[in-house]
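# An overview of the molecular structure
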Amino acid sequence: MKNVILIAGLALTTGLSIVATGYPQGTQQSAPKVTVGPTLKEKAGSPTPPATAKNKAQKTSIGKA
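Residues numbered from 1 in each chain as written. Predicted model: local features only at pLDDT ≥ 70, side-chain atom pairs only at ≥ 80, totals over all residues. Heavy atoms only, no water.

## Considering the overall build of the protein
For the protein, the count of helices and strands is two helices and zero strands. The buried share among the 65 residues of the protein stands at 0%. Accessible surface, the protein as shown: approximately 7,000 Å² in total, 63% of it carbon and sulfur. (Helix = DSSP H or I, 4+ residues; strand = E, 2+ residues; numbered from the N terminus. Buried < 20%, exposed > 50% of the residue type's maximum accessible area, 1.4 Å probe, protein only. Areas by Shrake-Rupley, 256 points an atom, 1.4 Å probe, with all protein chains shown as cover.)

## A short note on a nonpolar patch on the surface
A contiguous nonpolar patch, built from Val-34, Val-36 and Leu-40 and spanning about 300 Å² of accessible area, is present on the exposed surface. Considering the arrangement of structural elements, one finds Leu-40 in helix α2 (residues 38-45). You can call Leu-40 exposed: its relative accessible area is 55%. (Patch = residues over 30% accessible without salt bridge, like charges linked within 9 Å, V, L, I, M, F, W, Y side chains within 5 Å. Salt bridge = Lys/Arg side-chain N within 4 Å of Asp/Glu carboxyl O.)

Written as structure tokens, this is what we have:
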């Protein structure tokens, strides 16, 4: 029984090491370049609600009548 476990462990270790050597280590991929339009830059600079937004205040909360 011990021999079977030893051989299975050895086979598993060998298989994992073979698979691990197939993957390249340390390769860096460059980040994708994204272009942002001027409209989105303006919105990010001043995050105000649109003119059609309605001011809805919360009138009740949990636990209060």
